[in-house]
Each structure stands twice: as structure tokens, then as C-alpha cells.
Amino acid sequence: MDFKTTNTGDATEVRLAGRLEFTDHDKIPGIIEMLDPMAQTGRRRLVLDMSALEFIDSAGLGMLLILQEEAENHEIKMVVRGPAGDVRRSIELARLSEIITIEP
Amino acid sequence: MDAVHHDRRAEPPAEAALRGFSLLRDRVPADMAARVLARFCGTDQQPGDGPASQDARPSGRPGERVVETLLMERADRDRLRAAFDRGPFLTVELGEGADEAAALLDDWSGAPAADNPDLPGFYLSLTTGTAYGLQCPVLVCDELARRGVLDPQRRSNVELCLHEAVANAIVHGNLGLSSAVKGEPGGHRRFSEMMRDRLGDPAVVRRRLDIFCRWSERSIAIAVVDQGGGFDTELAPPISGNKARSGRGFVFMRTLASRVTVTDGGRCTVLQFDR
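Residues numbered from 1 in each chain as written. Chains lettered and ligands numbered in written order. Predicted model: local features only at pLDDT ≥ 70, side-chain atom pairs only at ≥ 80, totals over all residues.

- Chain B goes by ATP-binding protein in an unreviewed UniProt entry, where it is assigned to Azospirillum oryzae.

- The name given to chain A in an unreviewed UniProt entry is Anti-sigma factor antagonist, with the source organism recorded as Azospirillum oryzae.
- Its UniProt record gives chain A the following Sequence similarities (unreviewed entry) comment, quoted word for word: "Belongs to the anti-sigma-factor antagonist family." (UniProt positions renumbered as here; feature names shortened; annotations may be inferred.)

**Some words on the overall build of chain B**
Moving on, step 1. Along chain B, the regular secondary structure elements total 12 helices and 8 strands.
Moving on, step 2. In chain B, buried positions account for 39% of the 275 residues.
Moving on, step 3. For chain B, the share of sequence-separated contacts (at least 6 apart) that also reach a separation of at least 24 residues comes to 66%. (Helix = DSSP H or I, 4+ residues; strand = E, 2+ residues; numbered from the N terminus. Buried ≥ 20, exposed ≤ 12 C-beta atoms within 10 Å, placed from the backbone. Contact = placed C-beta atoms within 7 Å.)

**Describing the UniProt feature "domain: STAS" (unreviewed entry) in chain A**
Moving on, step 1. In the UniProt entry, the feature "domain: STAS" (unreviewed entry) is given for residues 1–104 of chain A.
Moving on, step 2. Between the C-alpha atoms that bound residues 1–104 of chain A there is a distance of 21 Å. The span itself is 35% helix and 36% strand.

**Observations concerning the interface of chain A and chain B**
Moving on, step 1. Across the boundary between the two partners, chain A contributes 25 residues, which contact 23 residues of chain B.
Moving on, step 2. Looking at the side of chain A that touches chain B, the elements with two or more residues in it are β2 (11–20), α1 (28–32), α3 (58–73) and α4 (85–93) of chain A.
Moving on, step 3. The element contributing the most residues to the side of chain A that touches chain B is α3(A), with 6 residues.
Moving on, step 4. For the side of chain A that touches chain B, the residue count by class is 12 nonpolar, 6 polar and 7 charged. (Nonpolar A, V, L, I, M, F, W, Y, C, P; charged D, E, K, R; others polar.)

Shown next, in the form of C-alpha cells:
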């Protein structure tokens, strides 16, 4: 998995690409590290753009929950945007929309 | 991520890395051959074939079968695709710098024999070090599709199930990591440190991950076997609501496969799908 970050107004947008899976645990701290500066500069929304993500496994879904919890600790709202195809299938199977905000 | 693996290596063509077809009788010690044949090919022993302990190998007589095997020192995606193209039944990665004879004696034929030994199939045996990050479920599904076994409509569900079984076999089986640590504060960091540690341990990365596919006209069975400590198969995965950070892999498998069976003390997961 690779990601690119852009700041827009009150939000930080992280665009994920490739596959988010059990071999990617070491990528998550890179996103968590952004939360401190976000909180300090008043950016209150973390948008994970998943439209370019091809695959997510159960470990990857667990990583989303870790990110959400870390975001909440910083009083930042996390939103998942644009999951499609196999990624949407995994999110639906895990009924993740009950606990994570998913935008089309 | 895919592209990284393809591009970063400047290696000789896959063909050069293959040792070519090896019939079991040429490459594999007799006791190993006997074990493989017992598991995959039913009877190989013919009356009057000589003492079983000395020659359990097929001898080319009518009615006997030979298991086509391809051995490679080190597997990667391109080499495995090239290997599959040649259609061997068994594809075995020996492991880098491994003593060939010793590697062959590793227990890489751990999957239970199918009920019907005549069913077609193939068997892939990799070291954990190679299987990690190789996305072998993609390769295996590609091969199933190439052989006309896997309906493109069903592919993504089969691939997700196989991915989850392989991830479990690598992480919880061969690397011996428990997800419990992920639930602790800062646990994800510790979890990825532990993962790095285990991947740096030569004894651990030599452990085998085996994928054994068989099919009939109506169904496909895929066994995933590891060499880890297993787990208590009597205990259902904890049901801790959908906020849990782990345990979804089995939910995916149970939801998408027509049957999931765990045997061998948790070291073997067999997924069955309708065709």
C-alpha cells in the first residue's frame, strides 16, 4: 500500500493505493503521525480516499479501526471515502459502516 | 505494491532459475516419494515391486503414476508463473542456500489426501520468507483460472478466502504471532515490531507454507498448511462485536466459502467452494 497526503482547509486527505493487507502494519504509524500536527493546526477531518485501493483484507480493516481510534483520541473525525469493488465488498462483509463513516 | 516486486529485481530470466521437470524418482528420496504418492496418487506399489523400504518409487510400469514435480531454489512471482506454465503437480521452493536433501525431508506434504486420488490438482510449497509479501493467493487463483477451474465471477471471493487462510498461516501459524497484542494501547506498533523480528529469524522463515488445490466438476478444495504451533480448534474465535481488531478473517471465510474445515491442530485450513 502507498499513500499520498494533501491538506485542504479543515481536512487532511490521505489517498490510499494498491493493496492494504497484513504485510502493511508498518505503514500505519506514518498516518498516525500526522494526527498531532493536524490537531495543532485545527484540521478536524481525516479523509481516507480509498477509490484507488484495489484490495483490503481483514488485517487492513483492523488497521482502519486503529486509525479511527487514534483520530478520536485527537478529536479528529475520520471518514472513509469512495471504496469500490473488492474493497467495498470487504467493508460490507465486516459491516464496518456501522462503526466507521463511509462516504460514496 | 505489485509493481515494486516486479521492478526491483534484475534477475536472469525465470527459465534459467528453474531446474526443469524432475520426476520424483530422480530427485526425491524414496521415503519422500512414497509419502507423496500415498497422499496424492493412491497406489504406487505393485506386487513384486521389490521391498517397499528400499524402492517405493514408481518404476514406469503400466498403471503406475509419476508425480510431476518442479523444484526451485528460490521462488518469486515470475518464476512461479513460469513453473505453473509447465504444469507440474508439485511445485516446491527449496529455500535459499538450503541443503536440498534436507529440505525435501521437511514435512511439506502435510495436507490430507483427497478422498478421491484421481481428482486433478496442484500443490505449491513455499518458505514463509518467500510467501510473505508474494501474494501467492493471487498466483494460485490465476493458475486456477488459467486451468479453467475458477469461474471469473467467483474469483474475488475465492481469492479473499485464500488470502485470509494464507495470512493466518503465515502470521499466526509460522510467525507465531497473536493478534491479542493489537488490542493493547500502542499494540499495533509492537505487533509490527514483533513481525519484523520473526521475519528476521532464519529458522522461522524456513517454515513451510503449503497450498494444495484439488477440484472436481462440482467443487474446488484448497488446503492451506503451516508448520506453526497450531491452535485449539475447539475454541471458536472470540465474538467481540464488529469493533474487534482481529478475527474477521474467519468470518470472511465462513461467509464466502461453502465449507471451512480446520484440521491438524489448527495447522491446516481447507476451503471448499462450489464451481
